[in-house]
Amino acid sequence: MNIDDYKFAGKKAIVRVDFNVPLDENGNITDDTRIRGALPTLKKILNDGGSLIIMSHMGKPKGKVNPKFSLSQIKDAVAKALGTDVKFAPDCANAAEAAAALKPGEVLLLENLRFYPEEEGKPVGIDKEDPAYDAAKKEMKERQKEFAKTLASYADVYVNDAFGTAHRKHASTAVIADYFDKEDKMLGYLMEKEVKAVDNILSDIKRPFTAIMGGSKVSTKIGIIENLMDKVDNLILCGGMTYTFAKAMGGNIGESLCELDKLDVALDIMKKAKEKGVNLVLGVDCVAGDAFSNDCNTQICSVMDIPAGWEGMDAGPETRKIFTEAILPAKTILWNGPAGVFEFDTFTAGSRAIADAIVKATENGAFSLVGGGDSVACINKFGLADEVSYVSTGGGALLEAIEGKVLPGVAAIKG
Ligand code: AMP
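Summarised in this report is the structure supplied together with it.

Rules used in this analysis
- Residues numbered from 1 in each chain as written.
- Predicted model: local features only at pLDDT ≥ 70, side-chain atom pairs only at ≥ 80, totals over all residues.
- Heavy atoms only, no water.
- Core = buried A, V, L, I, M, F, W, Y, C linked by side-chain atoms within 4.5 Å.
- Buried < 20%, exposed > 50% of the residue type's maximum accessible area, 1.4 Å probe, protein only.
- Contact = heavy atoms within 4.5 Å.
- Pairing = 2+ DSSP bridges.
- Helix = DSSP H or I, 4+ residues; strand = E, 2+ residues; numbered from the N terminus.
- 1 Å grid on protein atoms, 1.4 Å probe; cavity = no way out; pocket = protein on both sides within 12 Å on 5 of 7 lines; lining within 4 Å.
- Points joined across faces, edges and corners; volume = space filled by probe spheres on them.
- Nonpolar A, V, L, I, M, F, W, Y, C, P; charged D, E, K, R; others polar.
- Near = heavy atom within 4 Å.
- Polar contact = N/O pair within 3.5 Å; in protein donor to acceptor, adjacent residues only side chain to side chain.
- Areas by Shrake-Rupley, 256 points an atom, 1.4 Å probe, with all protein chains shown as cover.
- Sits in = over half its atoms within 2 Å of the grid points.
- Patch = residues over 30% accessible without salt bridge, like charges linked within 9 Å, V, L, I, M, F, W, Y side chains within 5 Å.
- Salt bridge = Lys/Arg side-chain N within 4 Å of Asp/Glu carboxyl O.
- Lys, Arg positive; Asp, Glu negative; His and termini not counted.
- Charge placed at Lys NZ, Arg CZ, Asp CG, Glu CD.
- Axes fitted to C-alpha atoms, helices over the stretch in contact; angles between N-to-C directions.
- Parallel < 35°, antiparallel > 145°, perpendicular 65-115°, else oblique.
- Left-handed = near helix turned anticlockwise from the far one by under 90°.
- Phe/Tyr/Trp six-rings, centres within 6.5 Å; stacked < 30°, edge-to-face > 60°.

With that settled, the discussion passes to the nonpolar core. Ile14, Leu110, Leu151, Ile176, Leu228, Leu235 and Leu237 are the most contacted members of the largest nonpolar core, which has 64 residues in total. When near neighbours in sequence (up to four residues on either side) are disregarded, leucine 237 contacts Met213, Ile225, Thr242, Phe245, Ile269, Leu280, Val281, Leu282, Gly283 and Phe323. With 28 residues, the next largest nonpolar core counts Ala13, Val15, Val17 and Ile45 among its residues.

Structural data, given as structure tokens:
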């Protein structure tokens with residue numbers, strides 16, 4: 001079912017959102033992007049005359065009640081964002097009465113789903129090596145179904161708007177969908193937007209397509225790099241990965257980040273790029289520091305010749321030029337992972353050059369998708385989030401979708 005076509009009047013809707021918002025030590029929300037992201041879906045249901053049961057996880061309480069991760073802390077912020085009162089159910093698995101009492105236009109927020117181990121469906125307190133693990137896992141899967149069934153019993157219709165957890169087969173993100181008919185389950189607006197953005201990147205490619213993969217390690221990005229290799233015209237690999245490549249090519253990389261067990265992988269990526277006709281763009285120079293800090297001494301050097309005691313922390317000036325040239329003419333752009341240790345102001349220039357080039361290309365008609373934890377923090381730091389086509393709320397979910405994996409949260413609804 002499509003959310004736009006559904007009439008929520010008189011219905012109770014249970015909506016999985018991702019309200020895993022960052023809190024300061026006093027429990028104040030420091031970034032409410034995720035709450036704002038879910039508002040179109042939540043408001044549509046209320047405006048239609050439906051009642052709303054909101055469920056989410058927060059943090060990693062590991063299946064135990066922990067006040068530090070209580071969603072009661074965000075109840076008032078949700079009420080303010082929705083412009084209406086919000087009731088709170090302090091036990092998400094015992095909220096039938098509160099849900100039944102809801103009138104059209106009323107809102108009930110359930111306590112953190114992950115206070116129950118059934119949400120994630122992983123057995124607790126037993127090691128994977130333990131011979132009894134498989135039996136415990138099987139038992140937990142049964143308990144997960146019961147938990148999902150309880151949540152489903154609160155409502156007439158299920159909406160999943162939590163893209164950030166769509167790559168997890170949890171009770172509230174996937175299993176619950178089994179307890180609703182096809183006409184009574186759907187993706188929310190945020191999920192629809194995210195899925196469409198990935199689709200733009202994967203199937204509706206306007207060329208040239210430039211992907212920029214940065215961040216710290218090759219190992220965490222290898223799946224997506226391999227998948228992209230079949231699709232992109234230009235592949236920029238930057239950030240900490242640079243030095244594993246430089247080392248693999250015989251360079252001296254000083255104290256730079258390097259995955260010694262991935263040198264073969266780096267060489268293989270270079271070989272594959274050549275075979276597939278992909279223009280692999282690697283940094284040639286870097287801003288090196290003599291300590292991992294914002295106020296260390298810096299110097300520009302070749303990535304192949306970094307002195308002992310120094311480490312590559314950002315893309316150098318020549319590299320920034322090369323990256324910019326590969327981005328500017330692009331008509332499809334994906335950016336995941338910063339080009340340097342952007343958290344330190346001294347080492348933002350590489351990421352900034354990439355962001356600026358993406359903004360320019362977008363002005364010239366490119367579709368640009370920025371996503372995956374740190375790139376979002378990076379584009380926000382530069383104040384440029386509104387200047388690109390789409391900033392994804394998903395970290396792991398986005399990467400898995402781009403790797404071509406089917407997200408359980410989407411599959412549970414779309415089949
Ligand atoms: P990831 O989570 O893999 O996307 O990595 C993001 C992190 O990579 C950020 O915290 C950056 O500070 C870090 N990073 C980027 N470039 C470098 C570098 N040259 N050396 C060490 N860390 C880096």
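So, next bit.
Turning next to the sheet that holds strand 7 (residues 209-213). Each strand in a sheet pairs with another by means of backbone hydrogen bonds, the pair being arranged parallel or else antiparallel. With respect to topology, six strands assemble into an open sheet ordered 10-8-7-15-16-17, the strand pairing being parallel. Of all strands in the sheet, those bounded by a partner on one side alone are strand 10 (279-282) and strand 17 (390-391). Pairing of strand 7 with strand 15 (residues 332-336) involves five bridges; the strand directions are parallel. Pairing of isoleucine 212 across the sheet is with tryptophan 335, part of strand 15.

With that out of the way, let us pick up the layout of surface pockets. Looking at the largest pocket, its volume works out to about 1,400 Å³. Forming the boundary of the largest pocket are 50 residues, of which Asp18, Arg34, Gly164, Thr393 and Gly395 lie nearest the centre. Elements that contribute at least two residues to the lining of the largest pocket include exactly helix 1 (33-48), helix 4 (117-120), helix 5 (133-153), helix 6 (189-202), helix 12 (373-381) and strand 17. Sorting elements by how many residues they give to the lining of the largest pocket places helix 1 first, with five residues. Classifying every residue of the lining of the largest pocket gives 15 nonpolar, 19 polar and 16 charged.

Near the ligand you find 14 residues, and of these Ser216, Lys221, Gly312, Glu343 and Asp374 are the closest. The backbone of glycine 312 places a nitrogen or oxygen atom 3.0 Å from a nitrogen atom of the ligand. Protein chains bury 82% of the 510 Å² of accessible surface belonging to the ligand in isolation. Assessed atom by atom at 2 Å from the grid points, the ligand resides in the second largest pocket. Within the shell around the ligand, the residues separate by chemical class into five nonpolar, six polar and three charged.

A surface patch of positive charge is lined by Lys60, Lys62, Lys64 and Arg168. For lysine 64, the location among the structural elements is in the loop between strand 2 (51-55) and helix 2 (75-82). Classification of lysine 64 by relative accessible area gives exposed; the value is 60%.

Turning next to the sheet that holds strand 11 (residues 285-289). Strand order in this open sheet of three strands is 12-11-14, and the pairing throughout is antiparallel. The strands lining the two open edges of the sheet, one partner per strand, are strand 12 (298-302) and strand 14 (311-315). Sheet twist, expressed as the mean angle between neighbouring strand axes with direction ignored, is 45°. Direction of pairing for strand 11 relative to strand 12: antiparallel, over a ladder of five bridges. By the bridge assignment for strand 12, glycine 289 is matched with threonine 298.

Turning next to the packing of helix 10 (residues 317-327) against helix 11 (residues 349-363). Interaxial distance between helix 10 and helix 11 falls to 9 Å at its minimum, and their mutual angle equals 20°. In terms of orientation, helix 10 and helix 11 fall into the roughly parallel class. For the pair helix 10 and helix 11, the sense of crossing is right-handed. Each of Arg320, Phe323, Thr324 and Ile327 in helix 10 lies in contact with helix 11, whose residues at this interface are Ala349, Gly350, Ala353, Ile354, Ala357, Ile358 and Ala361.

What follows concerns the packing of aromatic side chains. Counted according to the given criterion, the structure contains four aromatic pairs. Here the aromatic rings of tyrosine 6 and phenylalanine 8 are separated by 4.7 Å at their centres, their planes lie at 55°, and the arrangement is tilted. Taking the relative accessible area as the measure of exposure, phenylalanine 8 reaches 0% and is therefore buried. Residues tyrosine 116 and phenylalanine 147 carry aromatic rings whose centres are separated by 5.3 Å and whose planes lie at 35° to one another, so their mutual orientation is tilted. Taken together, the residues span a long stretch of sequence, with tyrosine 116 in the loop between strand 4 (107-110) and helix 4 and phenylalanine 147 in helix 5 at a distance of 31 residues.

Glancing now at the pattern of salt bridges. For the coordinates displayed, the defined rule picks out 19 salt bridges. A salt bridge links lysine 122 to glutamate 120; the shortest N-O distance between them is 3.9 Å. For lysine 321, the salt bridge identified is with glutamate 318, shortest N-O distance 3.8 Å. Here lysine 321 pairs with glutamate 318, and both are found in helix 10, just three residues apart, close to one helical turn.

The buried fraction of strand 2 is high, at five of five residues. The side-chain alternation of strand 2 yields two buried faces, one formed by Ser51, Ile53 and Met55 and the other by Leu52 and Ile54. As defined by bridge partners, strand 1 (residues 12-16) adjoins strand 2 across five bridges and the pair is classed as parallel. Paired with alanine 13 across the two strands is leucine 52, which belongs to strand 2.

Further remarks concern empty space enclosed by the protein. Following the criterion strictly, the structure yields two cavities of 30 Å³ or more and no others. Of the volumes computed, that of the largest cavity is approximately 60 Å³. Surrounding the largest cavity, Asp18, Thr33, Arg34, Gly37, Ala38, Asp161, Ala162, Phe163, Gly164, Leu190 and Thr393 form its lining. Of all the elements, helix 1 adds the most residues to the lining of the largest cavity, at four residues. Of the volumes computed, that of the second largest cavity is approximately 50 Å³. As for the second largest cavity, its lining consists of 14 residues, of which Thr242, Tyr243, Gly283, Ala315 and Thr319 are closest to the centre. Every element with two or more residues in the lining of the second largest cavity is listed here: helix 8 (241-248), strand 11, strand 14 and helix 10.

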